[in-house]
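Residues per chain, in single letters:
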Amino acid sequence: MRTAHPRPSGPVLGAEEAHAGVQQRRAELGGRVEAAERVREQLAQLRVSERSERVAIEVVVSGRGTLLGLTLGESTSRVAPQDLAAEILATVHRASDRASEQVAQLLESALPAGTDITELAADPALAEDRRARAVGHHRSTEPDDDLSEPESWLRPVQVRGGR
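The notes below deal with the structure included here. (Residues numbered from 1 in each chain as written. Predicted model: local features only at pLDDT ≥ 70, side-chain atom pairs only at ≥ 80, totals over all residues. Heavy atoms only, no water.)

**Let's talk about the overall build of the protein chain**
Next, step 1: Looking only at helices and strands, the protein chain has four helices and three strands in total.
Next, step 2: In sequence order, the protein chain lays out its α and β elements as α-β-β-β-α-α-α.
Next, step 3: For the protein chain, restricting intrachain contacts to residue pairs at least 6 apart in sequence, the fraction spanning at least 24 positions comes to 50%.
Next, step 4: Summed over all atoms, the accessible surface of the protein chain reaches about 13,600 Å², with 52% contributed by carbon and sulfur. (Helix = DSSP H or I, 4+ residues; strand = E, 2+ residues; numbered from the N terminus. Contact = heavy atoms within 4.5 Å. Areas by Shrake-Rupley, 256 points an atom, 1.4 Å probe, with all protein chains shown as cover.)

Have a look at this one:
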């Protein structure tokens, strides 16, 4: 018994037309790949510097907001440690925000229209930290005595038959 093959619903293309269509799609794809590679290189090279407005601090972050450099001026030695830590974090957050904006601009040029770029460019860890600070549950910069190891982990080992 022979199986009937469905007939194409549109016009049937000749070999030359089909080949031209494939070549056109290949060229379009090649252009997109090249554009994506350029954006990837730009993202890899992206660096953002930010200076503190109150203390002699300068930070450099990557496009992902990773801290790459930290410069502390002499005046930082006169600042309380917890205030210095808070100012460093605030400066890093401002730099990360600017980096996210620049990443969004780069991605916007390479992605299809309508793509939610804010989700792609945002640093989820930074957003989580900001939410925690907004409700008053931020991590302290002070040492936490509760983080010490319980004594049960440090039991002495008794060796039998030894000295």
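The rest of the description comes next.
**Quick word on the pairing of strand S2 (residues 57-62)**
Next, step 1: Note: strand S1 (residues 47-51) against S2, five bridges, orientation antiparallel. Opposite Val48, over in S2, you have Val61 as the bridge partner.
Next, step 2: In textbook terms, the turn of a hairpin is the stretch between consecutive antiparallel strands, and for S1 and S2 this stretch comprises five residues.
Next, step 3: Two elements, S2 and strand S3 (residues 67-72), share five bridges in a ladder whose sense is antiparallel. Among the inter-strand pairings, Val60 is bridged to a residue of S3, identified as Gly69.
Next, step 4: The hairpin formed by S2 and S3 contains four residues between the paired strands, and Gly65 there has a positive phi angle of roughly 85°. (Pairing = 2+ DSSP bridges.)

**With respect to the sheet that holds S1**
Next, step 1: Here three strands make up an open sheet; going across it, the order is S1-S2-S3 and the pairing antiparallel. The two strands at the open ends of the sheet, each matched to only one other strand, are S1 and S3. Shown here is a sheet whose adjacent strand axes are inclined to one another by a mean of 15°, direction ignored. (Axes fitted to C-alpha atoms, helices over the stretch in contact; angles between N-to-C directions.)

**Description of the environment of Glu53**
Next, step 1: Mapped onto the elements of the fold, Glu53 is located in the loop between S1 and S2.
Next, step 2: Considered as a pair, Glu53 and Thr91 are 38 residues apart in the sequence and their alpha carbons are 8.6 Å apart.
Next, step 3: The residues contacting Glu53, other than those within four sequence positions of it, are Glu87 and Arg94.

**Re the packing of helix H1 (residues 15-45) against helix H2 (residues 81-110)**
Next, step 1: Look at H1 against H2: their axes get within 10 Å of each other, and the N-to-C directions meet at 175°. By the angle between their directions, the pair H1 and H2 is classed as roughly antiparallel. Contact residues: Val39, Gln42 and Leu43 in H1; Val103, Leu106, Leu107, Ser109 and Ala110 in H2.
Next, step 2: Looking at side-chain class alone, the contact of H1 with H2 contains six nonpolar, two polar and no charged residues. (Parallel < 35°, antiparallel > 145°, perpendicular 65-115°, else oblique. Nonpolar A, V, L, I, M, F, W, Y, C, P; charged D, E, K, R; others polar.)

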